[in-house]
Amino acid sequence: MITSSGERARVADFWDEVLAGWVPGHGHLMPPLDRWCESYKGQGDGVVDLDHYPDPYIGDLRGLNGEPRLVFLGLNPGIGYDSLQGDHGTWTKRIRAAGYSRCFERSPAEDPVSWKALHKGKESAYWRNLTRFARRWLDDPHVGVDQLLNFELYPWHSKKVVGRMRPPVDLVDDFIWKPVQEVPVDEVFAFGRGWLDVCRDLDLEEIATWGPETAPVPGSTMKHWRVSLFRLPSEQVVVVSSQMGSGSPPGLERTKLLKEVAADHRS
């Protein structure tokens, strides 16, 4: 059995404690979570939802069952449901029984039966696209959610992301970058414009950028596709990909182009 230590264990322990004591509302917003929560003020469908538990990451952060093969960075966990993430929700009960970091049936991809029951039999588009991307990137049709680790820029739910999402950089560093750098992967994939701002706020080395203000991604004619590559102190490359109105990973053809530009800048 592989077990984590250092930053990964620290972050897993922190969120285990938070979720063990979580109750709907503001009760769990002790420092430093209060600053994190206050950093986004969504309007309309983007209003922050504190009636469902925060969901900072999906996957085996501790490495209990094996090391993640790819790491992803999303924006936030999306809409919450009373029957899943509410005080008496199915996933909430599982988390309380097993612990957040040790519960692997608390997401649309890990528990598709519960998710599809709320969506007329449809799977989660985000996780479907993420898994497809992972299989293409790794050239392995058998990659599953159990081999992926996905962090959220903002851990609380909302129906949509409406407005500026720019959490304090010290918290992003402590709760995302530090554990990410202990995962043995070459690239870290960030989907959504907000991650470009975060990488720049952290003064990460920006090694390449393509998009509307510069040249298109090599081989692409898509004008609004923005790709930036940053290097972490661990020498891992953060691949930030975004397009207008979408925080989804690129499709088949653009994944091929992304692999080419990432390979050209890999240490």
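Now for a description of the structure that goes with this document. (Residues numbered from 1 in each chain as written. Predicted model: local features only at pLDDT ≥ 70, side-chain atom pairs only at ≥ 80, totals over all residues. Heavy atoms only, no water.)

Re the overall build of the protein chain
(1) Moving on: For the protein chain, the count of helices and strands is nine helices and seven strands.
(2) Moving on: Against the compact-globule benchmark of 18 Å for 267 residues, the protein chain has a radius of gyration of 18 Å, which places it among compact chains.
(3) Moving on: Projecting the C-alpha coordinates of the protein chain onto the three principal axes gives extents of approximately 50 × 40 × 40 Å.
(4) Moving on: Within the span of the protein chain, comprising 267 residues, buried residues form 52% of the whole. (Helix = DSSP H or I, 4+ residues; strand = E, 2+ residues; numbered from the N terminus. Rg over C-alpha atoms; globule rule 2.2 N^0.38 Å. Buried < 20%, exposed > 50% of the residue type's maximum accessible area, 1.4 Å probe, protein only.)

Let's talk about the packing of aromatic side chains
(1) Moving on: Taken as a whole, this structure holds 22 aromatic pairs when the rule is applied.
(2) Moving on: With a centroid separation of 5.2 Å and an interplanar angle of 85°, the aromatic rings of phenylalanine 14 and tryptophan 15 are classed as edge-to-face.
(3) Moving on: Taking 5.2 Å as the distance between ring centres and 90° as the angle between the ring planes, the aromatic pair formed by tyrosine 57 and tyrosine 100 counts as edge-to-face. Separated by 43 residues along the polypeptide, tyrosine 57 in strand 1 (residues 57-58) and tyrosine 100 in the loop between helix 4 (90-98) and helix 5 (112-117) bring together distant segments of the chain. Taken as a pair, tyrosine 57 and tyrosine 100 share a single burial class, namely buried.
(4) Moving on: Following the ring pairs from residue to residue traces out a cluster consisting of Phe14, Trp15, Trp36, Tyr40, Tyr154, Trp156 and Phe175.
(5) Moving on: Above the face of the tryptophan 225 ring, arginine 254 is positioned so that its terminal group lies 4.9 Å from the ring centre. (Phe/Tyr/Trp six-rings, centres within 6.5 Å; stacked < 30°, edge-to-face > 60°. Lys NZ or Arg CZ within 6 Å of the ring centre and 35° of its normal.)

Points about helix 4
(1) Moving on: Regarding helix 4, the residues found buried are Trp91, Thr92 and Ile95. The buried residues of helix 4 occupy an angular sector of 105° when the element is viewed end-on, so they sit on one face. Turned more than 90 degrees from where helix 4 packs its buried face, Lys93 and Ala97 sit exposed.
(2) Moving on: Glycine 99, located one to two residues past helix 4, shows a positive phi value of around 100°. (Arc of directions from axis to C-beta.)

A closer look at the pairing of strand 3 (residues 148-152)
(1) Moving on: Within strand 3, five of the five residues are buried, which leaves it mostly tucked inside the rest of the structure.
(2) Moving on: Alternating residues of strand 3 divide into Leu148, Asn150 and Glu152 and Leu149 and Phe151, and every residue in both groups is buried.
(3) Moving on: Judged from the two bridges that link them, strand 1 and strand 3 form a sheet pairing that is antiparallel. Bridge assignment links tyrosine 57 to a residue of strand 3, and that residue is phenylalanine 151.
(4) Moving on: Of the pairings in the sheet, the one linking strand 2 (residues 70-74) to strand 3 comprises five bridges and is parallel in character. Bridge pairing in strand 3 places leucine 70 opposite leucine 148. (Pairing = 2+ DSSP bridges.)

Here we look at helix 1 (residues 6-20)
Each α-helix turn comprises 3.6 residues. Residues three or four places apart therefore point the same way.
(1) Moving on: Its 15 residues place the ends of helix 1 21 Å apart at the C-alpha level, agreeing with the 21 Å of an ideal helix rising 1.5 Å per residue.
(2) Moving on: Each element contacted by the buried residues of helix 1 is listed here: helix 2 (33-38), strand 1, helix 4 and helix 7 (169-180). (Expected span 1.5 Å × (residues − 1). Contact = heavy atoms within 4.5 Å.)

Here we look at the side chain of glutamine 243
(1) Moving on: Counting through the fold element by element, glutamine 243 comes out in the loop between strand 7 (237-242) and helix 9 (252-264).
(2) Moving on: The exposure class of glutamine 243 is buried, given its relative accessible area of 18%.
(3) Moving on: Only 3.3 Å separates the side chain of glutamine 243 from the side chain of arginine 254, close enough to count as a polar contact.
(4) Moving on: Leave out the neighbours within four places in its chain, and glutamine 243 touches Met222, His224, Ser248 and Arg254. (Polar contact = N/O pair within 3.5 Å; in protein donor to acceptor, adjacent residues only side chain to side chain.)

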